[in-house]
Amino acid sequence: MRAIEQAAFDGGSATGIELMERAGQGVVEAILSAYPDVEQGHRHALILCGPGNNGGDGFVIARLLQERGWGVECFLYGEAIRLPPDARANHDRWAAVGPVVAFNDWRFGLRYGVRMTGDVAPTVLIDALFGTGLTRPLDEPLDRALRELDAAFPKGTALRVAVDAPSGLCMDSGRPLAPGPQEELPLRYDLTVSFHRRKLGHLLAEGPDACGSVKVADIGLDQAALRASRPELRETLAAAVTEAAPRAYELRKGGEDNPGGHKYDYGHALVLSGGPGRTGAARLAARGAIRVGAGLVTVAAPGSAMAECAAHLTAIMLTRCNGASDLGAVLEDERLNALCLGPGLGVGSATRDMVITALGSRRRCVLDADALTSFAGSAPTLFAHLHSRVVLTPHAGEFARLFPDIWRKLAETPTGGPAFSKVDATQEAAARAGCIVLFKGRDTVIAEPGGRTVVCAAAYDRATPWLATAGAGDVLSGMITGLLARDIWPVTAAEIATWLHVEAARTFGPGLIATDIPDLLPGVFRAIGV
Ligand SMILES: NC(=O)C1=CN([C@@H]2O[C@H](COP(=O)(O)OP(=O)(O)OC[C@H]3O[C@@H](n4cnc5c(N)ncnc54)[C@H](OP(=O)(O)O)[C@@H]3O)[C@@H](O)[C@H]2O)[C@@H](O)CC1
Ligand SMILES: [K+]
């Protein structure tokens, strides 16, 4: 954001004071449009201003609300004379018309303990303490003061709005920089108003829980001009966060963009299955692969599990595979162009051998679940065989087993900002593994070694708590495999599959189970014009 802001200054399209005014306006407009009721009846805002430009935004908001006839109380954390110039100017403008309470006098417990209701009780609390400039955990006394405020006005009694960021939340990682080992932010919010774009912190880790909802205020930064003036920003701006639906032509069969007409034009995916009683995961993956449009899908199962698989599979073919040497023979069929190993496959040396055989064939490949866990403690062996057309899809536990040192960095309590983030962790893992890593979670991150990184967050209006169900991950692996079979570039396949997976769950809602997901894809395809 600092670089973007500088580009706007350099290009002469805005001054700092103009951006700050628009930011303050943006917050007021966002509050009034999301919560029009706050303009009815008693209107009183309590505004906490910090020592940087976030605090400056707070003073603009104070002035604008007062001009609308609101009662406003401003509290400053820090010293007015130390404020940066634009924030100082807005502090002084406000101070000419209203009081500013210094930190020593905040004492929310005393102040509101006795007059919690009536005309002086705030209906809106605005946090303009820290935004993107948070560099270290909140000081203990500030943390305590905010907890007093939390107790005086429990969530639900006054609307809570964060300017750019909930104070204490690191906007590069979504991780709290709070004192104490619990890493808990003192306050949670109903609305967070971001400027220009959503930031990683709004989407990663604790971000969505802390922010409540996020509205983006346009402060007039022109994206096209910025890209032209600062080429190095292009990649970061393009790749950071994606919520866009995949382009329909990438998924379409037939037509001008995709003239192929034969099933073999859409590839042949092979999904390896575990033994009897454990074939469900592979069958779920296979169904994901065929629904996403692979031309053909075969499940390869041990002889002892053939009958079980045959009883359940119709559009999907079946072949026998009793281990690595059988797999080698199966892979002599060159038409098998994408492989999926892991779901229900079993943990141990047999799986390790099959993974190594699969990787040796240089096919596009998804490794998930047991295929990853089988290499816990021998990750370097796996890394030695990986290549650029492989996608690893670990959840947190699997990630920790393969990349224990990277995981430790992510699990440690951060002592400063920017804190080590899931984006950093996934990029490091991809660089080490030499392949695509899709690090699952509500804040899924997909990284290519030294290349594109994408955050596909299932948060806010894309929240899908019902995806936390057994087998959902197996379907995702199968969907990626199906897209790989269709010749879609691995990182794109991972990205499209993740989006479709969330979208399918969203269209279904409560009650979703994994077997539903593949069958929801046709509806999602229709909705996005495939
Ligand atoms: N970029 C844009 O386009 C626009 C940006 N705008 C706004 O500016 C915000 C960014 O402003 P910013 O850079 O001044 O940072 P901000 O978050 O106010 O805090 C920095 C201050 O806090 C201090 N500090 C840090 N941690 C601390 C701690 N734990 N405890 C105590 N102090 C701590 C830090 O001190 P230092 O680290 O130097 O010691 C410094 O003094 C952005 O979020 C948005 O709201 C809009 O106005 C317009 C367009
Ligand atoms: K803030």
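The model shown is predicted, which means the values in this text are computed figures rather than measured ones. Residue positions are counted from 1 within each chain, in the order its sequence is given. Written order determines the labels here, with chains lettered from A and ligands numbered from 1. Predicted model: local features are reported for residues with pLDDT of at least 70 only, side-chain atom pairs are reported and counted for 80 or more only, and whole-chain, interface and lining totals are derived from all residues.

Looking now at the site of ligand 1. Whether a residue is near a molecule or strand depends on its C-beta atom, generated from backbone atoms, being within 6 Å of that molecule or strand. Contacts to ligand 1 come from 29 residues, most closely from Gly52, Asn53, Asn54, Gly131 and Gly133. To qualify as a helix, a DSSP run of H or I must reach at least 4 residues; to qualify as a strand, a run of E must reach at least 2; elements of each kind are numbered from the N terminus. When residues of the shell around ligand 1 are traced back to their parent elements, those giving at least two are helix H1 (2-10), helix H2 (16-34) and helix H3 (53-67). Considering each element in turn, the shell around ligand 1 owes the most residues, five residues, to H3.

Another point: the packing of H3 against helix H4 (residues 85-95). To obtain each axis, a line is fitted to C-alpha atoms, and for helices this fit is confined to the stretch in contact; angles are then taken between N-to-C directions over 0 to 180 degrees. Where H3 contacts H4, the axes come no closer than 8 Å and their chain directions differ by 30°. Taken as axis vectors, H3 and H4 run roughly parallel relative to one another. For the pair H3 and H4, the sense of crossing is left-handed. Touching Asn53, Gly55, Gly56, Phe59, Val60, Ala62 and Arg63 of H3 are Asp86, Ala87, Asn90, His91, Arg93 and Trp94, all from H4. Charged means Asp, Glu, Lys or Arg here, nonpolar means Ala, Val, Leu, Ile, Met, Phe, Trp, Tyr, Cys or Pro, and polar covers whatever is left, Gly included. Of the residues in the contact of H3 with H4, the class split is five nonpolar, five polar and three charged. Working rule for angles: under 35 degrees goes down as roughly parallel, over 145 as roughly antiparallel, 65 to 115 as roughly perpendicular, anything else as oblique. By definition, turning the near helix anticlockwise from the far helix through less than a right angle yields a left-handed crossing, and turning it clockwise yields a right-handed one. Working definition of a contact: two residues with C-beta atoms, positioned from the backbone, lying within 7 Å.

Now for the domain arrangement of the chain. For the domains described, the bounds stem from an automatic or database domain assignment. Taken as a whole, the chain is organised into domain 1 (2-239) and domain 2 (263-527). Each of domain 1 and domain 2 was reduced to a C-alpha centroid, and the two centroids are 40 Å apart. Between domain 1 and domain 2, the residue contacts involve 19 residues of the former and 19 residues of the latter. Residues of the side of domain 1 that touches domain 2, tallied by class, amount to twelve nonpolar, three polar and four charged.

DSSP calls a pair of strands paired once it identifies at least 2 bridges connecting them. As summarised here, the arrangement of the nine strands in space is S10-S9-S8-S11-S12-S13-S14-S15-S16, forming an open sheet in which the pairing is mixed. Looking at which strands have only one partner, the edges of the open sheet turn out to be strand S10 (317-320) and strand S16 (453-457). Pairwise comparison of adjacent strand axes, ignoring direction, gives a mean angle of 20° for this sheet. As paired elements, strand S15 (residues 443-447) and S16 share five bridges and run antiparallel to each other. In the sheet register, Thr444 faces S16, and the bridge partner there is Cys456.

A regular strand places its side chains on the two faces of the sheet in alternate fashion. Across four bridges, strand S9 (residues 296-301) lies against S10 in parallel orientation. Residue pairing across strands places Val299 opposite Leu318, the latter belonging to S10. Handedness of the crossover joining S9 and S10 through helix H13 (residues 306-312) is recorded here as right-handed. By convention a crossover is right-handed if, when the strands point away from the viewer, the path from the first strand over the helix to the second runs clockwise.

To estimate the expected span of a helix, count its residues, drop one, and scale the result by 1.5 Å. Spanning twelve residues, helix H23 (residues 516-527) covers 17 Å between terminal C-alpha atoms, matching the ideal 16 Å at 1.5 Å per step. For the exposure call, what matters is how many other C-beta atoms sit within 10 Å of a residue's own: 20 or more marks it buried, 12 or fewer exposed, and in between partly exposed, using C-beta atoms placed from the backbone. Among all positions in H23, only Ile517, Pro518, Leu521, Val524 and Phe525 are buried. For H23, the buried positions fall inside an angular range of 100° around the axis, keeping them on one side. Exposed and facing more than 90 degrees away from the buried side of H23 are Asp519, Pro522, Gly523, Arg526 and Ala527. Arc definition: directions from the helix axis to the C-beta atoms.

For the rest of this paragraph, the subject is the nonpolar core. Counting 164 residues, the largest nonpolar core has Ile47, Val161, Val271, Ala289 and Leu341 as its most contacted members. The biggest single contributor to this core is helix H22 (residues 490-508), with ten residues. Each of domain 1 (2-239) and domain 2 (263-527) accounts for three or more of the residues forming this core. Residues contacting Leu341, with those up to four places away along its chain left out, are Leu272, Met354, Val355, Ala358, Cys365, Leu367 and Ala371. To count as a nonpolar core, a set of buried Ala, Val, Leu, Ile, Met, Phe, Trp, Tyr and Cys residues must be joined through C-beta atoms within 7 Å.

Feature annotation in UniProt places "binding site: AMP" (unreviewed entry) on Lys440, Gly441, Arg442, Asp443, Thr444 and Gly473, given in this structure's numbering. Sequence-wise these annotated residues cover 34 residues; spatially they are packed, their C-alpha atoms never more than 14.1 Å apart. Along the chain, the position of Lys440 falls in the loop between strand S14 (436-439) and S15. The residue Asp443 is located in strand S15 in this model. Residue class for Asp443 comes out buried when judged on the 22 C-beta atoms lying within 10 Å of it. UniProt positions are given in the numbering used here, feature names are shortened, and annotations may be inferred rather than shown by experiment.

The pLDDT value expresses, per residue, how confident the predictor is, ranging between 0 and 100. Considering every residue of the chain, the mean pLDDT works out to 93; 94% of them sit at 70 or more. Two numbers describe this predicted complex: its pTM, 0.95, and its ipTM, 0.98.

For the rest of this paragraph, the subject is the sheet that holds strand S1 (residues 44-49). Strand pairing within a sheet occurs via backbone hydrogen bonds; the two strands may be parallel or antiparallel. Strand order in this open sheet of seven strands is S3-S2-S1-S4-S5-S6-S7, and the pairing throughout is parallel. Lying at the two open borders of the sheet, with one neighbouring strand each, are strand S3 (100-102) and strand S7 (214-217). Going across the sheet, the axis of each strand differs from the next one's by a mean of 20°, ignoring polarity. Across four bridges, strand S4 (residues 124-128) lies against strand S5 (residues 159-163) in parallel orientation. Its bridge partner lying in S5, Leu125 is registered against Arg160.

Moving on: the environment of Cys340. With respect to the helices and strands, the residue Cys340 is situated in strand S11 (residues 336-341). Cys340 sits 71 residues away from Ala269 along the chain, and the two C-alpha atoms are 7.7 Å apart. Apart from the residues lying within four places of it in its own chain, the contact partners of Cys340 are Ala269, Val271, Leu272, Ala285, Ala289, Val366, Ser477, Gly478 and Thr481.

What follows is about the pairing of S14. Taking every second residue as pointing to the same face, both faces of S14 are buried, with Ile436 and Leu438 on one and Val437 and Phe439 on the other. Strand direction decides the pairing type here: strand S13 (residues 390-392) and S14, joined by two bridges, are parallel. Along S14, the bridge assignment pairs Leu392 with Val437. With three bridges joining them, S14 and S15 adopt antiparallel strand pairing. Bridge pairing in S15 links Phe439 to Val445. Counted between consecutive antiparallel strands, the loop separating S14 from S15 contains three residues, among which Gly441 sits at a positive phi close to 150°.

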